[in-house]
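# Residue-level structure breakdown
Below are the chains, spelled out letter by letter.
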Amino acid sequence: MNKWLKTLAIGDYKMSFGQGLVVSNEFSPGRSSMVVQAERRISGFHRHFSTNEHDYFRGIASTLSLKLLDISLFYSYRKLDGGVNNYEVSLFKTDGLHRLERDREKRHTVPM
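The model shown is predicted, which means the values in this text are computed figures rather than measured ones. Here the residue numbers are simple positions, counted from 1 along each chain's written sequence. A pLDDT threshold of at least 70 governs which residues receive local features in this predicted model, and a stricter bar of 80 or more applies before side-chain atom pairs are shown or counted, although totals over entire chains, interfaces and linings include all residues. Calculation of side-chain values draws on the structure's entire complement of heavy atoms; hydrogens and water are dropped beforehand.

Bringing the side chain of H98 into the picture now. For the purposes of this entry, the term helix denotes a DSSP run of H or I that reaches at least four residues, the term strand denotes a run of E that reaches at least two, and both are numbered from the N terminus. Positionally, H98 belongs in the loop between β8 (88-92) and α1 (101-105). Overall, the relative accessible area of 18% leaves H98 in the buried class. Whenever two N or O atoms come within 3.5 Å, that pair is a polar contact, provided that in protein one can donate a hydrogen and the other can accept it, and provided that, for residues adjacent in sequence, both atoms are side-chain atoms. Side chain to side chain, H98 and D81 meet in a polar contact 2.8 Å long. Burial classes: relative accessible area under 20% of the type maximum marks a residue as buried, over 50% as exposed, and values in between as partly exposed (1.4 Å probe, protein chains only).

Turning our attention to the packing of aromatic side chains. Stacked, tilted and edge-to-face are the three classes applied to pairs of Phe, Tyr and Trp rings, where Trp contributes its six-membered ring and a pair requires centres within 6.5 Å; stacked means planes under 30 degrees apart, edge-to-face means over 60, and tilted covers the rest. Tallying each qualifying case throughout the model produces 3 aromatic pairs. Grouping aromatic residues by their ring pairs yields a cluster made of Y13, F45, F57 and F74. Sitting over the face of the ring of Y56, R78 holds its NZ or CZ atom 4.0 Å from the ring centroid. To sit over a ring, a charge needs its Lys NZ or Arg CZ within 6 Å of the ring centre and within 35 degrees of the ring normal.

Structure representation (structure tokens):
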């Protein structure tokens, strides 16, 4: 877009920073914990285009490039499905089904 705006994501997005140790919501099956098999991941923000209903951020994210420094900022807010008892989250509902009354009571109860 211009010199200082490197990336901009508005809507649903995923992010990965610090080899997944800082924050990551990318799924990598079949990896071992050995350092020899460490691979370079693409850091930053990526669009979310999966049917997965719980593994993404919703809001705005941007990476600004100022000379030799990259600054990444994000804001996300959405409510997840889950069971809440006395302000304590007891479970997250991740199947996306709301067929029964008890399933509908858990819909959009946990702010993230």
